[in-house]
Amino acid sequence: MKYAARKPFPEGFLWGASTSGYQVEGAWDEDGKGKSIVDVRTDFPHGTTDYTVAADHYHHVDEDVALFGELCLKAYRFSIQWTRIVPDGDGELSAKGVAFYHRLIDGLIAQGIEPIVTMYHFDLPQALAEKGGWGSRATVDAFVRYAEELYREFGPKVAYWLTINEQNMMVLYGSALDILDGPLNREVSAYQKNHHMLLAQARAMSRLREMVPGAKIGPAPNIAYVYPESCKPDDVVAASDFNAIRNWLYLDVAVHGRYHPIAWAYLEARGLTPTIEPGDAQILAAAKPDFIGFNYYATHTAAAPCGAGDEAAIEGGDPQIFMGEPGIFRAIANPHLKKNAFGWEIDPVGFRITLREIYERYHLPLLVTENGLGAFDEVAPDGSIHDDYRIEYLRAHIEQMQWAIADGVEVMGYCPWSAIDLVSTHHGISKRYGFVYVDRGEHDLRTLGRSKKDSFFWYRRLIEANGLV
Ligand code: BG6
């Protein structure tokens, strides 16, 4: 639909920015922090850096929060590292770890920035992975205990909570990046682990209700609408199947407490249905999110499977993201979309479509927890960073989000990835997303100094105007 005029963003819209703990903090083994599965990883693609120093946010936290204040952020979405709070995942608490996040949260609140906490962002404690990881129901209990500690400590200060970041990406592509259980426990199916994570999420949502009345909580999957390659009915079935497997499986359980029928049929056909124990259905049904958080980078396009080569990846695309599945769908490069420097498609209109689809299905307010452009930024001789490509990307997505608001979609906030440069999951520090530049290379830590990119000043003006100017 085309409208004569845009609707303004609602008052109190949460203009924010995002990071995750292990990608930004560094100090991976300081102050009693335990090791997580990302800390012990050694096989980095493209010879990129590990996460031991990252953006060294742990040692720059006051400076970074001051920058976020200067950026006029209304919200900051970050993740707490489980291993900073409970080093072995299920034992004693670390007082220093707890103190670090109090310092961060207090700093944000002093700047008038709403903290939005992700409880879990790919960083399973290694000690739990060694005891069975998400394949074991003991990890569900450990997660709930960890969540309770977070609510007890930070509940009085934090109004918005996110359970698990990109659970669907962990299940679909986690073994490629070792972000599910690390290289361990591969004999347990990813869908059994998924079921356990769904239980962990449901119990954590229900406990927040009991422990911090008034606080709000939601899931944070990566949702990307899947287009059919053509109007050929078999292509439409393939796209609908992949939508169910990639997107709705996760949100249906989070919101309705039951598995999506097509996703369940897929699991049955593949012999992948999880063991569901007595009481599980009640736990899932009892939990209700207040909103849906989701990450959006680009849509997908699917064609009917044709047998040989169904699983092939789109040429130039990210193989973890643009792979087909034999007998289900073939991944197709969308000829109508541009690609970024890393082969990822760019689809702002797909953002509007994705917002509309989620809202139509679930009728809950939406919080965009990630969206952004990874790029090779260059520092000019005078120290400035002219990232007009990032401004263009964000502007186009914000414009489409505003059209979605005109469509009647309730959007409560937008937290692009990322507040500050950090180590990406695929391409190290060279693939930058931040409004704030961090002076370091893949293996040369340089000064770790901070500087503001052009997008920093642009986003600040936008926030001050409560929308596009
Ligand atoms: C999301 C993750 O998948 O995408 C982030 O939640 C990640 O952790 C982001 O960094 C961008 O992906 P990448 O591979 O470019 O870092």
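Cut-offs and rules
- Residues numbered from 1 in each chain as written.
- Predicted model: local features only at pLDDT ≥ 70, side-chain atom pairs only at ≥ 80, totals over all residues.
- Heavy atoms only, no water.
- UniProt positions renumbered as here; feature names shortened; annotations may be inferred.
- Helix = DSSP H or I, 4+ residues; strand = E, 2+ residues; numbered from the N terminus.
- Buried < 20%, exposed > 50% of the residue type's maximum accessible area, 1.4 Å probe, protein only.
- Areas by Shrake-Rupley, 256 points an atom, 1.4 Å probe, with all protein chains shown as cover.
- Core = buried A, V, L, I, M, F, W, Y, C linked by side-chain atoms within 4.5 Å.
- Contact = heavy atoms within 4.5 Å.
- Salt bridge = Lys/Arg side-chain N within 4 Å of Asp/Glu carboxyl O.
- Pairing = 2+ DSSP bridges.
- Axes fitted to C-alpha atoms, helices over the stretch in contact; angles between N-to-C directions.
- pLDDT = per-residue confidence, 0-100.
- Arc of directions from axis to C-beta.

Naming follows an unreviewed UniProt entry, where the chain appears as Glycoside hydrolase family 1 protein of Candidatus Methylophosphatis roskildensis. What the UniProt record of the chain gives under Sequence similarities (unreviewed entry) is the line "Belongs to the glycosyl hydrolase 1 family."

A tally of regular secondary structure across the chain gives 14 helices and 15 strands. Along the first, second and third principal axes, the C-alpha set of the chain runs to 55 × 55 × 45 Å. Relative to its full complement of 469 residues, the chain shows a buried share of 62%. For the chain, the exposed area adds up to about 17,000 Å²; of that, 54% sits on carbon and sulfur atoms.

Right, let's get into the nonpolar core. It is characteristic of soluble globular proteins that their nonpolar side chains tend to be buried jointly. In this structure, Trp 161 and Met 401 are the most contacted members of the largest nonpolar core, which totals 140 residues. The biggest single contributor to this core is helix H9 (residues 233-256), with 10 residues. Not counting the four nearest positions on each side in its chain, Met 401 is found in contact with Phe 9, Phe 13, Trp 15, Phe 351, Leu 355, Val 368, Val 411 and Tyr 414. Core analysis: the next-biggest nonpolar cluster, separate from the first, contains 10 residues, Ile 116, Tyr 160, Leu 162 and Phe 291 among them.

Moving on to the environment of Ala 269. By the element assignment, Ala 269 lies in helix H10 (residues 261-270). Taking the C-alpha atoms as reference, Ala 269 lies 31 Å from Leu 364; in sequence the two are 95 residues apart.

Our next topic: the UniProt feature "active site" (unreviewed entry) in the chain. In this structure's numbering, the residues bearing the UniProt feature "active site" (unreviewed entry) are Glu 370. Within the secondary structure, Glu 370 is located in strand E12 (residues 366-370). The class of Glu 370 is buried, set by a relative accessible area of 5%. Not counting residues within four places of it along the chain, the set of residues in contact with Glu 370 comprises Ser 18, Arg 77, His 121, Asn 165, Glu 166, Phe 294, Asn 295, Tyr 296, Tyr 297, Cys 415 and Trp 417.

Moving on: the pattern of salt bridges. In the structure shown here, the tally under the stated rule is 32 salt bridges. The salt bridge involving Arg 446 is made with Asp 439; its shortest N-O contact spans 2.7 Å. According to the relative accessible area criterion, Arg 446 is partly exposed, its value standing at 44%. Ionic contacts of the salt-bridge type, sharing partners, join the residues Asp 377, Asp 387, Arg 390, Asp 421, Arg 432 and Lys 453 into one network.

Spatially, 8 strands are ordered E5-E4-E3-E2-E1-E13-E12-E7 in an open sheet, and the strand pairing comes out parallel. Two strands close off the open sheet at either side, each with one partner strand: strand E5 (216-220) and strand E7 (292-295). Going from strand to strand, the sheet's axes swing by 25 degrees on average, the running direction of each strand aside. Where E7 meets E12, 4 bridges bridge the pair, whose relative direction is parallel. From the neighbouring strand, Phe 294 faces E12, where its bridge partner is Val 368. In the packing of helix H4 (residues 95-110) onto the sheet, the strands contacted are strand E2 (75-79) and strand E3 (114-120), and the crossing angle to E2 comes to about 170 degrees.

Attention now moves to the confidence of the model for the chain. Looking at the chain, the pLDDT average stands at 96 and 99% of residues meet or exceed 70. Ranking the elements of the chain by mean pLDDT puts helix H7 (residues 167-177) last with 89 and E2 first with 99.

In this section: H10. Residues Ala 263, Tyr 266 and Leu 267 constitute the buried set of H10. Down the axis, H10 shows its buried residues gathered within 95 degrees of arc, on one side only. Away from the buried face of H10 by more than 90 degrees, exposed residues Pro 261, Glu 268 and Ala 269 are located. Where the residues of H10 are buried, they touch helix H8 (190-211) and H9. Phi turns positive one or two residues past the end of H10, at Gly 271, with a value near 70 degrees.

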